[in-house]
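Examining the three-dimensional arrangement
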Amino acid sequence: QVQLVESGGGLVQSGGSLRLSCAASGMISSIDIWGWYRQAPGKQRELVAVKTVNGNTNYADSVKGRFTISRENAKNMALQMNSLKPEDTAVYYCYAHKPWGNQDYWGQGTQVTVSS
């Protein structure tokens, strides 16, 4: 079992920056994909960025060049968000995947609000 806890959300003005963190605990050794998703009111949850244990990354087109996903250590992951736009406003969720049984784990979410 894996537990994920996000932190670092808040209110910023357009053009500002935030750094989100995800702290993992439990049986994390077999995780092969780490990522961030977000969900805005009235919209489906969407992928923001993912990173594999081998270092491959993938970003949503809307955040390429502005967001960076990173693994700080074995138990912590971060999402650096620069040049934030109002359309980035959403609840951001930390995500982890294990290949055995396609197990997915989610954090509780942290609110990011970008004002115009």
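These notes cover the structure that comes with them. It should be emphasised that the depicted structure is a prediction, and the values quoted were computed from it without experimental measurement.

The next thing to look at is the pairing of strand E4 (residues 33–39). Counting buried residues along E4, five of its seven residues qualify, which places the element largely inside the surrounding structure. Alignment of E4 against strand E5 (residues 46–52), held across six bridges, turns out to be antiparallel. The residue bridging Trp36 from the neighbouring strand is Ala49, located in E5. Counting the residues that bridge the hairpin from E4 to E5 gives six residues, and of these Gly42 lies at a positive phi of roughly 80°. Pairing of E4 with strand E9 (residues 90–98) involves seven bridges; the strand directions are antiparallel. Paired with Trp36 across the strands is Cys94, a residue of E9.

Looking at the element boundaries, Glu6 is found in strand E1 (residues 2–7). Here Glu6 sits buried without a salt bridge, and the closest side chain of opposite charge, Arg45, lies 7.5 Å off (N-O distance). Within the structure, the side chain of Glu6 is placed 2.9 Å from the backbone nitrogen of Gln108, a separation counted as a polar contact. Within the structure, the side chain of Glu6 is placed 2.8 Å from the backbone nitrogen of Gly109, a separation counted as a polar contact.

Conventions adopted
- Residues numbered from 1 in each chain as written.
- Predicted model: local features only at pLDDT ≥ 70, side-chain atom pairs only at ≥ 80, totals over all residues.
- Heavy atoms only, no water.
- Buried < 20%, exposed > 50% of the residue type's maximum accessible area, 1.4 Å probe, protein only.
- Helix = DSSP H or I, 4+ residues; strand = E, 2+ residues; numbered from the N terminus.
- Pairing = 2+ DSSP bridges.
- Lys, Arg positive; Asp, Glu negative; His and termini not counted.
- Salt bridge = Lys/Arg side-chain N within 4 Å of Asp/Glu carboxyl O.
- Polar contact = N/O pair within 3.5 Å; in protein donor to acceptor, adjacent residues only side chain to side chain.

Geometric values such as these leave the question of function open.
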